[in-house]
Amino acid sequence: VGHALGFSALELATREGEIVSGLLTSRVAEMMERRLIGESVARIIGEREFYGLAFTLNGATLEPRPETELLVDLAIEHLPMGGRLLDLGTGTGCIPVAVLANRADASAVATDLSAAALAAASGNAGRHGVGGRLELRQGDWFGALAPHPGPPHEGEGEDRTFDVIVSNPPYIASAVVDGLAPEVRDFDPRLALDGGADGLAPYRVIAAGAGGYLRPGGQVMVEIGYDQGAQVTALFGAAGFRTEVRQDLNGLDRVVCAHHL
Ligand SMILES: C[S@@+](CC[C@H](N)C(=O)[O-])C[C@H]1O[C@@H](n2cnc3c(N)ncnc32)[C@H](O)[C@@H]1O
């Protein structure tokens, strides 16, 4: 109601007795209809808070989740002064934007397969004043880092190695996606959820490719489903990484940190 009327939470409480025009009440009613069929409040108002910052959503972006804030904490902690971050599958750009907003010395590259998601990420980077330190690249995982075809572009030939590689990839098994809560299944884009037959396909690609893009002492940090710790640890172990699993605030396995040996 506050969003439809343009009222802050305080105004909602203090302007209680005001008569609202028919146009505004029909706007509220329309939003209530959307909520009743399972669309989240964040999607209806078009933004969601993450790491204390507001992120604009569009139809191609996942709604950022609070569990993912752990990845931001870990990246901020591990990035050296002037460090470079790579975020694979950036969606709204929430991870690199939150990191850069808290680390004025750092820079980042963020990728996504979806051009529409990258458009949202670009807007969010500008909104939070970090656009000059965030490069956005479209493509399939590490394929996004390949040089553009055709004549050289500005910035090409730059160092393509990173101190920290983060990713919150799609990690739900294809068959499970259809059984998710309607708020997720019907409104979060399938490309952001579906991790292939066993939910691990993106981790295989990231574990196999990350070594070629990490600086000495660098780390890969990937968000996982609460029950994927052993499998994702095994994938990174087989690719030559030493791993540890970190828990979120609910005590659930949430991030695998992989140190390059
Ligand atoms: C779970 S969402 C995470 C989005 C955002 N990082 C966050 O934490 O809210 C996964 C993202 O990976 C992107 N994605 C899916 N397949 C991809 C691929 N093959 N290459 C690059 N990005 C991909 C999706 O478009 C989506 O934005």
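Our structure is the block above this text.
Small disclaimer: the values here were computed from a predicted structure and weren't measured.

## A look at the site of the ligand
Item 1. For the ligand, the set of nearby residues contains 18 residues, the closest of which are G89, D112, D140, N168 and A192.
Item 2. Separating a nitrogen atom of the ligand from a side-chain N or O atom of D140 is a distance of 2.7 Å.
Item 3. About the coverage of the ligand: the protein hides 96% of its 590 Å² of free accessible area.
Item 4. Across the shell around the ligand, the residue classes tally to ten nonpolar, six polar and two charged.

## Quick look at helix α10 (residues 201-210)
The α-helix advances 3.6 residues per turn, and as a result positions three or four apart in sequence lie on the same side.
Item 1. Within the sequence span of α10, burial applies to P202, Y203, I206, A207, G209 and A210.
Item 2. The inward-facing, buried residues of α10 abut β3 (84-88), β6 (162-167), β7 (214-223), α11 (229-238) and β8 (241-247).

## Let's talk about helix α3 (residues 22-36)
Item 1. Taking 1.5 Å as the rise per residue, α3 with 15 residues should run 21 Å; its terminal C-alpha atoms sit 21 Å apart, in good agreement.
Item 2. Positive phi shows up at G38, right after α3, with a value of about 105 degrees.

## Things to note about unusual backbone geometry
Item 1. Phi angles above zero are rare outside glycine, and Y51 is one such case at about 50 degrees.
Item 2. Along the chain, the position of Y51 falls in the loop between β1 (47-50) and β2 (53-56).
Item 3. Judged by its relative accessible area of 24%, Y51 falls in the partly exposed class.
Item 4. Phi angles above zero are rare outside glycine, and W141 is one such case at about 40 degrees.
Item 5. Here W141 shows up in the loop between β5 (134-138) and β6.
Item 6. Taking the relative accessible area as the measure of exposure, W141 reaches 17% and is therefore buried.

## What about the packing of aromatic side chains?
Item 1. In this structure the tally under the stated criterion is four aromatic pairs.
Item 2. Judged by centre distance (4.8 Å) and plane angle (5 degrees), the ring pair of F142 and Y213 falls under stacked. One end of the pair, F142, is in the loop between β5 and β6; the other, Y213, is in the loop between α10 and β7, and 71 residues separate them in sequence.
Item 3. For F142, a relative accessible area of 9% puts it in the buried group.
Item 4. Classification of Y213 by relative accessible area gives partly exposed; the value is 22%.

## Some remarks on the pattern of salt bridges
Item 1. Throughout the structure, instances matching the rule amount to 17 salt bridges.
Item 2. E183 serves as the salt-bridge partner of R35, at 2.8 Å between the closest nitrogen and oxygen. Linking R35 in helix α3 with E183 in helix α9 (residues 182-185), this pair joins segments that are 148 residues apart in sequence.
Item 3. Its relative accessible area of 33% is what places E183 among the partly exposed residues.
Item 4. Between D194 and R190 there is a salt bridge; the shortest N-O distance is 3.2 Å.

## Examining the pairing of β5
Item 1. For strand β4 (residues 107-112) and β5, the ladder comprises five bridges, and the chain directions are parallel. Each bridged residue has a counterpart across the sheet, and for V109 the counterpart in β5 is E135.
Item 2. The handedness of the β4 to β5 crossover, carried by helix α7 (residues 115-127), is right-handed.

## Looking at the state of the cysteines
Item 1. The final tally for this structure, using the stated rule, is zero disulfides.
Item 2. Considering cysteine sulfurs only, C257 is the nearest to C94, which forms no disulfide, with 17 Å between them.
Item 3. For C257, a relative accessible area of 2% translates into the label buried.

## Quick look at the packing of α10 against α11
Item 1. Taken N-terminus to C-terminus, the directions of α10 and α11 make an angle of 25 degrees; their axes are 8 Å apart at the nearest point. The angle between the axes of α10 and α11 places the two elements in the roughly parallel class. The way α10 lies across α11 gives a crossing that is right-handed. Residues Y203, R204, I206 and A207 of α10 pack against V232, L235 and F236 of α11.
Item 2. Here the residues of the contact of α10 with α11 are counted per class, giving six nonpolar, no polar and one charged.

Procedures and definitions
Residues numbered from 1 in each chain as written. Predicted model: local features only at pLDDT ≥ 70, side-chain atom pairs only at ≥ 80, totals over all residues. Heavy atoms only, no water. Near = heavy atom within 4 Å. Polar contact = N/O pair within 3.5 Å; in protein donor to acceptor, adjacent residues only side chain to side chain. Areas by Shrake-Rupley, 256 points an atom, 1.4 Å probe, with all protein chains shown as cover. Nonpolar A, V, L, I, M, F, W, Y, C, P; charged D, E, K, R; others polar. Buried < 20%, exposed > 50% of the residue type's maximum accessible area, 1.4 Å probe, protein only. Helix = DSSP H or I, 4+ residues; strand = E, 2+ residues; numbered from the N terminus. Contact = heavy atoms within 4.5 Å. Expected span 1.5 Å × (residues − 1). Phe/Tyr/Trp six-rings, centres within 6.5 Å; stacked < 30°, edge-to-face > 60°. Salt bridge = Lys/Arg side-chain N within 4 Å of Asp/Glu carboxyl O. Pairing = 2+ DSSP bridges. Right-handed = clockwise from strand over helix to strand, strands pointing away. Disulfide = S-S within 2.5 Å. Axes fitted to C-alpha atoms, helices over the stretch in contact; angles between N-to-C directions. Parallel < 35°, antiparallel > 145°, perpendicular 65-115°, else oblique. Left-handed = near helix turned anticlockwise from the far one by under 90°.

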